[in-house]
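Residue strings, one per chain:
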Amino acid sequence: MNTSRTERGVTYGILALFALIALTPVAGILSTALARQDSLKTGFALPDGLNWHNFADAWTRGHFGSYLFNSVLVAVAVVAATTVLATLAAYAFGTMRFPGSEVLFYLFVVGLTLPQEAVIVPLYFDLRHWGLTDTYWGLILPQTAQSLAFGVFWMRTYFRNTPRSLLEAARIDGATHWSTLTRILVPMGRPAFSTLTVIVFMWTWNEFLMALVMVSDEAHRTVPLGLAFFQGQHSSDTALLAAAATLIALPVVAVYLLLQRRFIQGMLTGSAKE
Amino acid sequence: MSALTGRETGARRAAAAPGTRRARHRRRAPGEPRAVGYLYVLPALAVFGVFLLWPLAQTGWLSLLHWDGLTRASWAGLDNYQDLLTDPELRVPFAHAAVLLLFYAALPVAVGLLLTAALTRFRIRGMTFFRTVLFLPQVLAMVVVGVAWRAVLAPDGLLNDTLGALGLSGLARSWLGDDTWALPAVGTIGTWVETGLCLVLFLAGAQRIPRELYEAARIDGAGPVREFLTVTLPGLRAEVAVALTLTLVAALRNFDLIYITTSGGPGNATSVPSYEVYRRAFESGEVGSASAMGITLTAVIFALTMVVTRFVEGRSR
C-alpha cells in the first residue's frame, strides 16, 4: 500500500509539473497584459493592480476592433462555405457509388498533408491577377479550399458510419437522395458538424501566412496579422502587446474550454492522416 | 484515419479469404450506383481545384523557371533543384529543419512515452483537467505562442530571471538573438507545443489497453521496464504513428513561429524551408527558387509521413 501511495504522489506530481509548464507562458501573457504600461518588466510578478485599460488601449490604439471584425467575418464565411460544400461532397463519397469516386476522394485527402508553402506562391500571383488580393474573398476562398480537405474527410467518415438500414428505410419510404440528406442525415449529424465547425473556426481564426501574403492594406487585416504588425511597431510596449495577444486567444480558448472533447477528437482523428 | 485503416484491414481480410460473401461485400464501394454523385461533389471540387490543386501544379511549373516576379521569366530546367543540393545557403534551412524535427517530434514523443509509462499504473482522477491544460498550447495561434515565448526568452525575461535566482546568471543570454542558441530556443517552443499533444494521445491510448495484460505481465514477474516494452509500447503503436505524423508536419510547417520570434535570424541561424519560401518569393524576388523549395518541402513531408505509416503502423501485424 505504501508504494502505491508514493506512486500516486509521484504521478500527480509529474502531471502537475507538466500542467504548470504548459500554463506558465500563458500566465505570463495574462499578468503582463494587466501590468502598468510603464513597467519595463516582462516579468511574471503579480501585476500591481488590474489595469484593464490595456485592453481598451489595444482595442483603440492597436485598431483591434476592426481587425476582430475582419477575423469574425472571414471565419464565419469559411466555416459556412466549408460546411456546406464538404457535406455535399462527403454525402456522395459516403453513400453513393460512381466511377472515379475513389480517385476524387483521395485528391481531397492529399490536401490534408499538403503544406501551404506548396501553393502560396502562385496563389498570390493568381489572386492578384484576378483582383482578389486585399479583399475578403482573397482570404475566404483559399482557406475554404484548405479546410475542405479535412471537411470532406471528416464528414465522409460520418456518412459511412450511419447505419445502412436507415438509408434503405428512407428510400423505401420514397425519400429522394436530397431529402434523405436534408431531413435525416443533417439533423442526425449534429456532433459531427459541431466538431467540424470548431476545428475550421480555430484554423481560420489562427491563420497567419495566408493573411500575411494576401493582405497588404490595413482595412482587411485579421487579428493574427494585426498582432504581428503591432509587435513590429510597439515591441517595447509589452503590456499592450500582451493585451492584444490575449484578445486574440480569448475566443478560441473560450470555445475550447466549452467543447474540449470536440477539439481534441477533431484534431487527433481528423488530422491523423496529415 | 479510422476510415482508412478500416478500409485497409477490409482489403487485407478480403485478400486472405477470397470468395467469401463478407469479403466481396467489403471490397465493394458503399451505396447505390448514382451518377448524381458527381453533382454533389462538383462545388467542393471546383473550389478545391481552383485554389489548391491548380496552384500546386503552378508551383511545379514555376520551380522550373528563373523568375523575379516582375520581368519576363526564363527557362531554368532543374537548375533550382540542383541549387538546393549544391548551394550551402539553400541547404542550411533543411539542416535546421532536421534539428527542429528532434525538438518538435522526437523529444515530445519520447517524453510522452516515458511519462505514460509512469502514469498508467492506476486510474488518474481529474484527467479532464490535465487533458484540457496539456492540450491548451495546440489551440493557441502560433502568433500568440510566439509573443508569449519572446517574453520568456527575452534578455530580461522569465528564463534569465530564473537563472539569476538560481545563481546561474552567467548562463543568461539573449536566447533568440544568439547564433548558437536561437535554433534550440525555437525548438524548445516546439517541444512545449507538441509534448502536451503526445501525452494526451498516449494517455488516452493507454487507458484502452486491457488491464489483464498488465496483470499477466506482473504475474510473469515483469518489472516496470519489461512491462513498458511488452505491454504499453506495443499497445500504443497506432498512437505513436499519429503523434509522429502530426508533430513532424508541425515541425516542417513552422512559418508563423519563425516569423514572429526570429525572422530566420540572427543571420540565418534559424532559417527554415517554410520561411525561406516566403522570403525568397515575396522579399528577394527569387520565385523559381522559392517554388523549388516549396515542392521539395512537400516531397519531404509526404515521404516522412509515408515512412511513419509503413514502419510504425505497419509492423502491428
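Residues numbered from 1 in each chain as written. Chains lettered and ligands numbered in written order. Predicted model: local features only at pLDDT ≥ 70, side-chain atom pairs only at ≥ 80, totals over all residues. Heavy atoms only, no water.

Thoughts on the packing of aromatic side chains
Residues and elements named next belong to chain A. One pass over the structure, following the stated rule, counts 34 aromatic pairs over all chains. Both rings, one in phenylalanine 64 and one in tyrosine 67, keep their centres 5.3 Å apart while their planes meet at 75 degrees; by these two values the pair is edge-to-face. You can see phenylalanine 64 and its partner tyrosine 67 sitting in helix α3 (residues 64-95), three residues apart, about one turn around the helix. For the residue pair phenylalanine 64 and tyrosine 67, the accessibility class agrees, reading buried in each case. Where phenylalanine 150 meets tryptophan 203, the ring centres are 5.2 Å apart and the plane angle is 75 degrees; that geometry is what we call edge-to-face. Here phenylalanine 150 is found in helix α6 (residues 136-161), whereas its partner tryptophan 203 is found in helix α9 (residues 190-206), with 53 residues between them in sequence. (Phe/Tyr/Trp six-rings, centres within 6.5 Å; stacked < 30°, edge-to-face > 60°. Helix = DSSP H or I, 4+ residues; strand = E, 2+ residues; numbered from the N terminus. Buried < 20%, exposed > 50% of the residue type's maximum accessible area, 1.4 Å probe, protein only.)

Observations concerning the nonpolar core
Counting 176 residues, the largest nonpolar core has A:Phe93, A:Met155, A:Met214, A:Leu227 and B:Phe202 as its most contacted members. With 15 residues, α3(A) is the largest single contributor of residues to this core. For this core, the domains that each give at least three residues are domain 1 (2-51) and domain 2 (62-273) of chain A. When near neighbours in sequence (up to four residues on either side) are disregarded, B:Phe202 contacts B:Val109, B:Gly112, B:Leu113, B:Thr116, B:Leu236, B:Glu239, B:Val240 and B:Ala243. Among the nonpolar cores identified, the runner-up in size contains five residues, and B:Tyr214, B:Ala217, B:Ala222 and B:Val231 belong to it. (Core = buried A, V, L, I, M, F, W, Y, C linked by side-chain atoms within 4.5 Å. Domains from an automatic or database assignment. Contact = heavy atoms within 4.5 Å.)

Some words on the UniProt feature "transmembrane region" (unreviewed entry) in chain A
Residues given the UniProt feature "transmembrane region" (unreviewed entry) here are residues 12-34, 67-91, 103-124, 136-155, 193-215 and 239-259 of chain A. Along residues 239-259 of chain A, the helical share is 95% and the strand share 0%, with 30 Å between the first and last C-alpha atoms. (UniProt positions renumbered as here; feature names shortened; annotations may be inferred.)

With respect to the interface of chain A and chain B
Of the residues lining the interface, 101 residues belong to chain A; the matching set on chain B comes to 96 residues. Note on chain A versus chain B: buried area summed over both sides is about 9300 Å², and carbon and sulfur give 74% of it. Its largest share of buried area at the contact with chain B, chain A owes to A:Leu15, A:Arg97 and A:Glu117, together 8% of the area lost on that side. For the pair chain A and chain B, the number of links is zero salt bridges. For the pair chain A and chain B, the interface holds 13 residue pairs in polar contact (both at pLDDT 80 or more). Here the element with the most residues in the side of chain A that touches chain B is helix α1 (residues 2-33) of chain A; it accounts for 16 residues. (Buried area = accessible area lost by both parts, 1.4 Å probe. Salt bridge = Lys/Arg side-chain N within 4 Å of Asp/Glu carboxyl O. Polar contact = N/O pair within 3.5 Å; in protein donor to acceptor, adjacent residues only side chain to side chain.)

Remarks on the environment of A:Leu123
Its location among the elements puts A:Leu123 in helix α5 (residues 120-129). For A:Leu123 and A:Gly138, which are 15 residues apart along the polypeptide, the C-alpha to C-alpha distance reads 9.6 Å. Those residues in contact with A:Leu123 that sit more than four places away from it in its chain are A:Pro142, A:Met210, A:Met214, B:Phe51 and B:Pro55.

Examining helix α11 (residues 223-233) of chain A
Of all eleven residues making up α11(A), eight are buried, and the element is well covered by its neighbours. Listing the buried residues of α11(A) in full gives A:Val223, A:Pro224, A:Leu225, A:Gly226, A:Leu227, A:Ala228, A:Phe230 and A:Gln231.

Regarding the UniProt feature "transmembrane region" (unreviewed entry) in chain B
Residues and elements named next belong to chain B. The UniProt record annotates "transmembrane region" (unreviewed entry) at residues 35-57, 94-117, 129-149, 181-204 and 290-312. Secondary structure across residues 94-117 divides into 100% helix and 0% strand, with the first and last C-alpha atoms of the span separated by 33 Å. The straight-line gap between the two end C-alpha atoms of residues 129-149 is 23 Å; of that span, 90% is helix and 0% is strand.

Some points on the packing of α3(A) against α11(A)
All names here are of chain A. One can describe the packing of α3 onto α11 by two numbers: an axis separation of 8 Å at closest approach and a directional angle of 150 degrees. Within the contact between the two elements, α3 uses Phe64, Tyr67, Leu68 and Ser71 and α11 uses Val223, Pro224, Gly226, Leu227 and Phe230. Class assignment for the residues of the contact of α3 with α11 results in seven nonpolar, two polar and no charged. (Axes fitted to C-alpha atoms, helices over the stretch in contact; angles between N-to-C directions. Nonpolar A, V, L, I, M, F, W, Y, C, P; charged D, E, K, R; others polar.)

Details of the pattern of salt bridges
Residues and elements named next belong to chain B. This structure, assessed with the given rule, holds seven salt bridges over all chains. A salt bridge links arginine 173 to aspartate 178; the nearest nitrogen and oxygen atoms lie 3.8 Å apart. One salt bridge connects arginine 218 with glutamate 227, and the closest N-O pair in it is separated by 3.2 Å. On the basis of relative accessible area, arginine 218 is assigned to the partly exposed category, the value being 41%.

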